[in-house]
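So you can see what is in the structure, the chains are spelled out below.
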Amino acid sequence: MADATRERCVLVLQGGGALGAYQAGVFEALAGNGYSPDWVAGISIGAVNAALIAGNPPERRVRNLRAFWEQASSRIPFPSPFADGWGRRLFNEAAAASVALTGIPGFFTPRTTPPWLALPGSPDSISLYDTSPLRETLLELVDFDLINSGKVRFSVGAVNVLNGNFAYFDNRDRLIEPEHIMASGALPPGFPPVMVDGEPYWDGGIVSNTPLQFVLDERAREADRHDSARAQAARDPVLVFQVDLFSARGMMPRSLAESAQREKDIRFSSRTRLNTDMQKRIEALEAAAARLAEKLPPEFAQDEDMATLTAHAQDGPVTILHLINRGEDYETQSKDYEFSRMTVQGHWDNGRRDVERSFASPRWKNRQRPQRGIVTLDLA
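Residues numbered from 1 in each chain as written. Predicted model: local features only at pLDDT ≥ 70, side-chain atom pairs only at ≥ 80, totals over all residues. Heavy atoms only, no water.

A. Focus on the nonpolar core. With 67 residues, the main nonpolar core has L11, F68, W69, F107, F154, I181 and F241 as its most contacted residues. The dominant element in this core, judged by the number of residues it contributes, is helix α2 (residues 45-54), at eight residues. Filtering out sequence-adjacent residues up to four positions away, F68 remains in contact with I45, V48, L52, F107, L134, T137 and L141. Of all hydrophobic cores here, the second largest spans 15 residues; its members include V12, I43, L212 and F214. (Core = buried A, V, L, I, M, F, W, Y, C linked by side-chain atoms within 4.5 Å. Buried < 20%, exposed > 50% of the residue type's maximum accessible area, 1.4 Å probe, protein only. Helix = DSSP H or I, 4+ residues; strand = E, 2+ residues; numbered from the N terminus. Contact = heavy atoms within 4.5 Å.)

Structure below.
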């Protein structure tokens, strides 16, 4: 690196249930290579992992991530007799069925009263599971005083059930509590909405399954501030590790089960290329407006339209390392709620290996920080 200026490190974590163990493996490898996030943003299971990272000192982060995922996978700790193929697929389907029937330790449990027999409007009537165990787990493994200290910026996304608006709960704006993380992961109809400030919230993945656009928008907003410290920070070089749990790319389905899986992959995969391409177009227009302003006669300096076009300050350069959990042949549409120990450990190992593969790439080793704009790398 010719430029000694430190890049601000941002960790962006997508939702995806049991697949979230991949993010834990990614973080273990990042921490092992000396990367410590300045900002963690997550949705759904990404919000849980984000809390475990931001809510622990560096020396306890990996340990508490592992504690959560070992507890979540403790219902089926024994391995499959089949490594892959149809035998492994049947094992995974049976493990997912077990989760559906019995729940996940420290996460959620089935309701004793079926929804169709419960009092209309009650949590029992609009969800299949009780997520109160997750609250106890978060209180045990996450230091909320540390999150609220602001040492690491923390943002999680959820959607308001009543108005459909997307919202981010950010430790710069509010006191973060377990309910904010639970709201971000309250995916219906499995989980009930979670009340925050008297309003019910569901899983943010219903609207957008990745916080990348929020991170980019927040940087642009802060660059426009007159507060010199935040505005300057928004112009510093940024390195984003975006960790996705569903791949937008895939094969043509060969069965009804594969069709269901492919539909879920497409629905919940991030729109990274869409977001970054749109951001590049905006930056090109801003640069063109600035060049045009320099060419115009002085009398246009006070023109309102020109002032609007040139009002936005230039954001700092962004490098995005995109890490994507690729599916296995034996997985089906139940992969996001298949919590067997063997599968969870496999996701974890894949995340760690993808980081190591990316860091070994010549494109990473020889990269130059951009002077402006966005560069996206997918090296795994």
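B. Just the packing of helix α1 (residues 21-32) against helix α13 (residues 341-360), in detail. It is at 6 Å that the axes of α1 and α13 come closest, and there the two elements cross at 40 degrees. Relative to α13, the element α1 lies oblique. α1 and α13 meet at a crossing whose hand is right-handed. Contacts between α1 and α13 involve A21, Y22, A24, G25, V26, E28, A29 and L30 from the first element and V344, H347, W348, N350, G351, R352, D354, V355 and F359 from the second. Across the contact of α1 with α13, the residue classes break down as 10 nonpolar, four polar and three charged. (Axes fitted to C-alpha atoms, helices over the stretch in contact; angles between N-to-C directions. Parallel < 35°, antiparallel > 145°, perpendicular 65-115°, else oblique. Left-handed = near helix turned anticlockwise from the far one by under 90°. Nonpolar A, V, L, I, M, F, W, Y, C, P; charged D, E, K, R; others polar.)

C. Structural view of unusual backbone geometry. Cis geometry is found at the peptide bond from P188 to P189, where omega equals -5 degrees. With respect to the helices and strands, P189 occurs in the loop between α7 (178-184) and β7 (194-196). Here S44, not a glycine, exhibits a phi torsion of approximately 60 degrees, which is positive. Tracing the chain through its elements places S44 in the loop between β2 (39-43) and α2. At D197, a residue that is not glycine, the phi angle is positive and equals roughly 55 degrees. Residue D197 is classed as exposed on the basis of its relative accessible area, which comes to 65%.

D. Examining the UniProt feature "domain: PNPLA" (unreviewed entry) in the protein more closely. UniProt marks residues 11-216 with the feature "domain: PNPLA" (unreviewed entry), using the numbering shown here. What you have in residues 11-216 is 40% helix and 16% strand, and the ends, taken at the C-alpha atoms, are 12 Å apart. (UniProt positions renumbered as here; feature names shortened; annotations may be inferred.)

E. Up close: the packing of α1 against helix α3 (residues 58-72). Direction vectors running N to C along α1 and α3 enclose 160 degrees, while the axes themselves pass 10 Å from each other. Looking at the two axes, α1 sits roughly antiparallel to α3. As α1 packs across α3, the resulting crossing turns out to be left-handed. In this structure, α1 uses A21, A24, F27 and E28 to contact α3, whose residues at the interface are R61, V62, L65, R66 and W69.

F. Representation of the pattern of salt bridges in the model. Per the counting criterion, the structure on display carries 19 salt bridges. Here R352 makes a salt bridge to D349, at a shortest N to O gap of 3.2 Å. Note that R352 and D349 are positioned in helix α13 at a spacing of three residues, about one turn of the helix. Its relative accessible area of 17% is what places D349 among the buried residues. Note that D354 is salt-bridged to R357, the shortest N-O span being 2.7 Å. With D354 and R357 both in helix α13 and three residues apart, this pair spans about one turn of that helix. (Salt bridge = Lys/Arg side-chain N within 4 Å of Asp/Glu carboxyl O.)

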